[in-house]
Amino acid sequence: MVPSKAVDSNLNNSITSLPNELDPLRIPTHIAVIMDGNGRWAKSKGLPRTMGHTAGVDTLKETLRLCSDWGVKALTVYAFSTENWSRPAEEVNFLMTLFERVLKREIMSMKSQGVKITFFGDLERLPERLRELIAEATKETLSNKGINFNVCTNYGGRRELVLAARKLAEKSVKGDLDPSSIDERMFASELYTSEIGDPDLLIRTSGERRISNFLLWQLAYSEIYLTDVLWPDFDDHELIKALADYQSRLRRFGGLEPTQSQQL
Ligand code: FPP
């Protein structure tokens, strides 16, 4: 069913109501997305790969809007991995310029729509102009109370774990921390996601079946939804399909279903 649009008088913005087939009480709190297939999408249309990334931005904007409208509290997307530097310089430069252009264009609308944007990753290596825009967007939206939009840029899951281990080791060496007191909670508090928690649902597009160094710690118990659809084609119908699939699953976190427990 195509979701209907309604006017939200507070924001004076069009919001899309939740489709009937989705249960409002079982919307995932945190969704993570590996936005894959931009290059193949462009190639299939005889376009340069870079056009796939530009189209991917439109999909991302729409996904963010729908997640916000439907009550998702956090959306974390993989925009650029620590491995993506190995792509041709022309494509890397295009992506950096695209991030700058999109951020510059969207800061004010994210601010007014309550989106809180945060960047996960090693930002030091990014071009200076992009770092400035990241700092500005983060600051401008810091006190927003709407959806947390986390953009993983020069992000690697292993690197995040190493940095967390390093921070704990430094505290121990200083005498501020007893190593035997380190537990999962303390470790998680050193990760980028310390304030938002783990994703309930991971979506990966384009038919790939890997985690690709994304949120290695945080995905431990996430439900995984894989689709052959290429990211620029991942529209509202595809998002509804992913959410309906998520809602059809029983999350046991390693335990048993209540009926199985009764059979013991
Ligand atoms: C993977 O497709 C996609 C990327 C490496 C870039 C994703 C970035 C965006 C959608 C733009 C996001 C913008 C902002 C401002 C956050 P691919 O190039 O690996 O596609 P392929 O597997 O078909 O080659």
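Residues numbered from 1 in each chain as written. Predicted model: local features only at pLDDT ≥ 70, side-chain atom pairs only at ≥ 80, totals over all residues. Heavy atoms only, no water.

The next subject is the nonpolar core. Side chains of a nonpolar character, in soluble globular proteins, are inclined to be buried together. Core analysis: the largest hydrophobic core is formed by 47 residues, its most contacted members being Ile31, Leu75, Leu103, Phe149 and Ile203. Per-element accounting of this core gives the leading share, 9 residues, to helix H3 (residues 89-112). Excluding residues that lie within four positions of it along the chain, Ile31 makes contacts with Cys67, Val72, Ala74, Leu75, Thr76, Leu201, Ile203 and Leu243. (Core = buried A, V, L, I, M, F, W, Y, C linked by side-chain atoms within 4.5 Å. Buried < 20%, exposed > 50% of the residue type's maximum accessible area, 1.4 Å probe, protein only. Helix = DSSP H or I, 4+ residues; strand = E, 2+ residues; numbered from the N terminus. Contact = heavy atoms within 4.5 Å.)

Its 24 residues place the ends of H3 35 Å apart at the C-alpha level, agreeing with the 34 Å of an ideal helix rising 1.5 Å per residue. Along H3, the largest kink reaches about 45° and is centred on Glu106. Looking at H3, one finds that the buried residues are Glu91, Val92, Leu95, Met96, Leu98, Phe99, Glu100, Val102, Leu103, Glu106, Ile107 and Met110. Buried-residue contacts for H3 involve helix H2 (49-69), strand S4 (74-81), strand S5 (116-120), helix H4 (128-141) and strand S6 (148-155). Phi turns positive, to about 80°, at Gly114, one or two residues after H3. (Expected span 1.5 Å × (residues − 1). Bend = angle between axes of the 7 residues up to and from the residue.)

Glancing now at a nonpolar patch on the surface. A cluster of nonpolar side chains, contributed by Ile211, Leu216, Ile224 and Leu226, occupies part of the molecular surface with about 280 Å² of accessible area. Tracing the chain through its elements places Leu226 in strand S8 (residues 223-226). Classification of Leu226 as partly exposed rests on a relative accessible area of 35%. (Patch = residues over 30% accessible without salt bridge, like charges linked within 9 Å, V, L, I, M, F, W, Y side chains within 5 Å. Areas by Shrake-Rupley, 256 points an atom, 1.4 Å probe, with all protein chains shown as cover. Salt bridge = Lys/Arg side-chain N within 4 Å of Asp/Glu carboxyl O.)

The next subject is the side chain of Glu190. Position of Glu190 relative to the elements: it lies in the loop between helix H6 (184-188) and strand S7 (201-204). Relative accessible area serves as the criterion here: at 13%, Glu190 is assigned to the buried category. Side-chain polar atoms of Glu190 contact the side chain of Lys171, separated by 2.7 Å. (Polar contact = N/O pair within 3.5 Å; in protein donor to acceptor, adjacent residues only side chain to side chain.)

With that out of the way, let us pick up the site of the ligand. Residues in contact with the ligand amount to 17 residues; listed here are only the nearest, Asp36, Gly39, Arg40, Arg49 and Arg87. A distance of 3.1 Å separates an oxygen atom of the ligand from a polar side-chain atom of Asp36. The separation between an oxygen atom of the ligand and a polar main-chain atom of Asn38 is 3.1 Å. About the coverage of the ligand: the protein hides 90% of its 630 Å² of free accessible area. If you list the elements that add at least two residues to the shell around the ligand, you get helix H1 (38-44), H2 and H3. (Near = heavy atom within 4 Å.)

Along the chain, the position of Asn154 falls in strand S6. Here Asn154 falls in the buried class, since its relative accessible area comes to 5%. Measuring from C-alpha to C-alpha, the distance between Asn154 and Ala79 comes to 8.1 Å, with 75 residues separating the pair along the chain. Within the structure, Asn154 has its side chain in polar contact with the side chain of Trp85 (distance 2.8 Å). At a separation of 2.8 Å, a polar atom in the side chain of Asn154 contacts the main-chain carbonyl oxygen of Asp122.

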